[in-house]
Amino acid sequence: MLNFLKPLPSAPKIEGHKIESEYKRRQLGVLVATCFSYIGYYIIRLIFTTEQVPLMKAYGFTLGQVGFILSTFGIGYGVAKLFMGALVDKSNTERFLAFGLYLSCFFNLLIGFTQNYYVILFLMLFIAVTQAMGAPACQRQISLWFSKKHRGTAFSIWASAHNAGAFFCVASVQLATFLFSGSLTAVFVTASVFSAIIATSMLLINTDRPESAGLPNIAEYSGYEEVDEDGQPTATSLTDKSFGTIFVQDILTNKVVWAVTLTSMMIYIVRYGIMSWIPSYLPTKGFSVEWAKWFIGIFELSAVPGVILMGALSDLIKGRRSLVCLICSIGMAGCLVAYFTSSNHLVITIMLFVLGSLIYAPLALVGLMVNEAVPNYAVGLSTGFMGFFQYVFGETMATALIGNLVDKFGWSAESIVIYIASFIAILLLIYLVFKERRILKMESILNKQAS
């Protein structure tokens, strides 16, 4: 491991009367840094998706080739996320987060200077690996800095940052297109410059973990002890356990981790099955290509208030994340039917606005649920484990599989795959509602005994 990525040791404890103000100041810095850093990550991540139609026209790529590039990114991201998640648990999280974004910017910059299909494929794989450093780092920091009472709100604010990132990605594309006469090279360069500036700025206000700043861990600070499905406390942030031991004991044998992971995979099929094909699908409904491109940003940005509201609601009802997810998923299924069956532009537009919240709210909360199911020293690994299934299986089915099915059977194939994924997600969430209820009851008993 590079020396500058090694975790900082615990600092001497600061004076008691200063703890609260210092904690709040650093919590704000962590939340702002994770949000804006992830916006930078998403600006880079979605450039190729946003520009798929101009790239096909300018470079002669087919829909199948674009789908293969997108699926290659998904597979590379999913595999890398598993290892990056394990690595960040034993790293300096704030530096890890910035370093990954710098590398993503560099490889994205190189894409702007080539038209070779295989070179682009290769560079997208490198971008996938460096992009995998973002989410595990952000989720680990939020788990370490916010208590269960407020974590749903903090996590949903962070999760909505990627929706804002998608909008800013489209905005940066349009700005570069306007300023540089439609140059595809300028589009990639502009995105990399913006994101590198973000990485540098956010590194200045971020903090690794409370103990490295001389503060108590979040369980001590909040006075609330969290437990896993076996009733074991989860507050420890660093451990001497090996990767293999953590992977087996805290991930593979954890039923909640499996149920949440498979739920997230199904919702990812829905997410990317909608978002990835908006530029190609909406023109079949009579929308212009330019308007269809903007709808990616609209779909993403419209989710922000809904995601934050649902996260806050899960805090308000004392951590019942899975119940909120179940309600959203049922509503999502109804909106999907309207989106695929209607030809009315207003109806389709409204459905995309509503679907943004109903898809991204449960996606945000399942990400939090998998982190809360494991000890804090395994938060990054749990994020990587979930990401592996989300992208290697979920996004691949939503891009490569749907792309090839649409080529053979038309756009009705897209809707069938998405309907099936939605139904499975609802079934899994019903199971998680009861499982979560049992864990919260154990936490309540433990904390009453402690008080």
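A brief structural summary.

Rules used in this analysis
- Residues numbered from 1 in each chain as written.
- Predicted model: local features only at pLDDT ≥ 70, side-chain atom pairs only at ≥ 80, totals over all residues.
- Heavy atoms only, no water.
- Helix = DSSP H or I, 4+ residues; strand = E, 2+ residues; numbered from the N terminus.
- Polar contact = N/O pair within 3.5 Å; in protein donor to acceptor, adjacent residues only side chain to side chain.
- Contact = heavy atoms within 4.5 Å.
- Buried < 20%, exposed > 50% of the residue type's maximum accessible area, 1.4 Å probe, protein only.
- Expected span 1.5 Å × (residues − 1).
- Phe/Tyr/Trp six-rings, centres within 6.5 Å; stacked < 30°, edge-to-face > 60°.
- Core = buried A, V, L, I, M, F, W, Y, C linked by side-chain atoms within 4.5 Å.
- Salt bridge = Lys/Arg side-chain N within 4 Å of Asp/Glu carboxyl O.

### Brief notes about the side chain of Ser314
Phase 1: Its location among the elements puts Ser314 in helix H15 (residues 303–316).
Phase 2: Here the side chain of Ser314 touches Gly311 through a polar contact of 2.7 Å, landing on its backbone oxygen.
Phase 3: With near-sequence residues (within four places) excluded, Ser314 lies in contact with Gly152, Gly319, Arg320, Arg321, Val324 and Leu365.

### Considerations on unusual backbone geometry
Phase 1: Look at Lys318: it is not a glycine, yet its phi comes out positive at around 60°.
Phase 2: Relative to the helices and strands, Lys318 resides in the loop between H15 and helix H16 (321–341).
Phase 3: Residue class for Lys318 comes out exposed when judged on its relative accessible area of 71%.

### As for helix H9 (residues 184–203)
Phase 1: Between its terminal C-alpha atoms H9 stretches 29 Å, which fits the 28 Å expected from 20 residues at 1.5 Å a residue.
Phase 2: Tucked into the core, H9 has its buried residues touching helix H1 (16–45), helix H2 (47–50), helix H3 (52–59), helix H5 (93–111) and helix H8 (148–179).

### Topic: the packing of aromatic side chains
Phase 1: Applying the stated criterion across every chain yields a total of 30 aromatic pairs.
Phase 2: Each member of the aromatic cluster is reached from another via a ring pair, and the members are Phe243, Phe247, Trp258, Phe385, Phe388, Phe389 and Phe393.

### Looking at the nonpolar core
Phase 1: Counting 149 residues, the largest nonpolar core has Tyr38, Trp158, Ile274, Ile278, Leu282, Phe299 and Tyr339 as the members making the most contacts within it.
Phase 2: By residue number, the principal contributor to this core is helix H17 (residues 345–372), which donates 15 residues.
Phase 3: Other than its neighbours up to four places away in sequence, Leu282 contacts Trp277, Phe287, Ala292, Phe295, Tyr339, Ile348 and Leu352.

### Section: the pattern of salt bridges
Phase 1: Evaluated as defined, the whole model comprises 13 salt bridges.
Phase 2: Of the charged contacts in the structure, one is a salt bridge between Lys255 and Glu229, with a shortest N-O distance of 3.9 Å. Taken together, the residues span a long stretch of sequence, with Lys255 in helix H12 (residues 255–275) and Glu229 in the loop between helix H10 (218–222) and helix H11 (243–252) at a distance of 26 residues.
Phase 3: A residue is classified by how much of its surface remains accessible, and Lys255, at 48% relative accessible area, is partly exposed.
Phase 4: In this structure, Arg320 engages Glu436 in a salt bridge whose closest nitrogen and oxygen atoms are separated by 3.8 Å. Of this pair, Arg320 sits in the loop between H15 and H16 while Glu436 sits in helix H19 (residues 412–450); the two residues are 116 residues apart in sequence, bridging distant segments of the chain.
Phase 5: Three or more residues are tied together by salt bridges with common partners; here these are Arg151, Glu226, Asp315, Arg321 and Glu372.

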